[in-house]
Amino acid sequence: VRFDKQKFEIIVINDGSCDDTENILKRMDEKSPVLLRHYSKSNQGQGVARNMGVDLAKGEIVVFIGPEGSGKTTVARRLAGESGKPYVTTGDIIRDLAENDRGPLGDECRDMFANHAYLDGATLLKILVHRFSQEDVAAGLILDGGLRTTEETADFASMLSEARLNLPVTVIHL
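A brief report on the enclosed structure follows. (Residues numbered from 1 in each chain as written. Predicted model: local features only at pLDDT ≥ 70, side-chain atom pairs only at ≥ 80, totals over all residues. Heavy atoms only, no water.)

## Thoughts on the overall build of the protein chain
The helix and strand inventory of the protein chain stands at eight helices and six strands. Relative to the globule expectation of 16 Å for 174 residues, the C-alpha radius of gyration of the protein chain, 17 Å, shows essentially globular dimensions. Overall, the protein chain is about 50 × 30 × 30 Å in size when its C-alpha atoms are taken along their principal axes. Relative to its full complement of 174 residues, the protein chain shows a buried share of 43%. Long-range pairs, those at least 24 residues apart, make up 73% of the contacts in the protein chain between residues at least 6 apart in sequence. (Helix = DSSP H or I, 4+ residues; strand = E, 2+ residues; numbered from the N terminus. Rg over C-alpha atoms; globule rule 2.2 N^0.38 Å. Buried < 20%, exposed > 50% of the residue type's maximum accessible area, 1.4 Å probe, protein only. Contact = heavy atoms within 4.5 Å.)

## A closer look at the pattern of salt bridges
Per the stated rule, a full pass over the model turns up seven salt bridges. Here Glu 9 makes a salt bridge to Arg 37, at a shortest N to O gap of 2.7 Å. Here the residue Glu 9 occupies a position in strand E1 (residues 8-15), and Arg 37 occupies one in strand E2 (residues 35-41), the gap between them amounting to 28 residues. An identical accessibility class is assigned to Glu 9 and Arg 37; each is buried. (Salt bridge = Lys/Arg side-chain N within 4 Å of Asp/Glu carboxyl O.)

## Topic: helix H6 (residues 121-132)
Between its first and last C-alpha atoms H6 spans 16 Å; for twelve residues at 1.5 Å apiece the expected length is 16 Å, and the two agree. In terms of burial, H6 is a largely internal element, nine of the twelve residues being buried. All buried positions along H6 are accounted for by Gly 121, Thr 123, Leu 124, Leu 125, Ile 127, Leu 128, Val 129, Arg 131 and Phe 132. Packing partners of the buried residues in H6 comprise strand E4 (87-89), helix H4 (90-100), helix H5 (104-114), strand E5 (141-144), helix H7 (150-154) and helix H8 (156-162). The N-cap residue of H6 is Asp 120: its side-chain oxygen and the backbone nitrogen of Ala 122 are 3.1 Å apart. (Expected span 1.5 Å × (residues − 1). Polar contact = N/O pair within 3.5 Å; in protein donor to acceptor, adjacent residues only side chain to side chain.)

## Some details on the side chain of Glu 9
By relative accessible area, which is 6% here, Glu 9 ends up buried. For Glu 9, the side chain forms a polar contact with the side chain of Arg 37, separated by 2.7 Å. Excluding residues that lie within four positions of it along the chain, Glu 9 makes contacts with Leu 35, Arg 37, Leu 56, Ala 57, Lys 58, Gly 59, Val 169, Thr 170 and Val 171.

## Notes on the sheet that holds E2
Judged by pairing direction, the sheet is parallel, and its six strands sit side by side in the order E2-E1-E6-E3-E5-E4 without closing on themselves. Each end of this open sheet is capped by a strand with a single partner; those strands are E2 and E4. Neighbour-to-neighbour, the strand axes of the sheet open up by a mean angle of 20°, direction not taken into account. Packing against the sheet, helix H1 (residues 21-31) makes contact with E1 and E2, and its axis sits at approximately 165° to E2. Helix-sheet contacts for H4 involve E4 and E5, and the interaxial angle to E4 is about 65°. (Pairing = 2+ DSSP bridges. Axes fitted to C-alpha atoms, helices over the stretch in contact; angles between N-to-C directions.)

## Focus: the packing of H4 against H6
Following both chains from N to C, one finds H4 and H6 inclined at 95°, their axes separated by 11 Å at the closest point. Classified by the angle their axes make, H4 and H6 are roughly perpendicular. The residues of H6 that touch H4, namely those facing Thr 90, Ile 93, Ile 94 and Leu 97, are Leu 124, Ile 127, Leu 128 and Arg 131. (Parallel < 35°, antiparallel > 145°, perpendicular 65-115°, else oblique.)

Below, the structure is given as structure tokens:
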């Protein structure tokens, strides 16, 4: 996977771990296809580390990833409110298509919900190209979700290019 290091960054906050995290991050930094910015601080809790990551983000597109219950929706909504950038969530886009689109994408979304499954990566990226082509996100956005799989991550840069959204990206894992 090739990303432009000037346009893609990942921020990692080491919140006082006592293991070999710092050395692992240094080794990862040497091999990373994106700008990997890592910081260490004394343990002050996940909320402080999360806020630090948000404050350090340089991208006009900020993508929050992480497991359910990690706080990504709360933090993404807060950042969208503070920055004035649109809050975009893959879940809302998919629910809207399932409810309102009578074409093939709507069918795939309805099938996904009926089968309690995920959309395949190619379909999700197609949906995101359409959403990211809209004028309200031309200057940036806060994305809650996505990048769940290697396919979605590997194709994210080309999806942004197809949507003509040529902006710096920060990925924050919560």
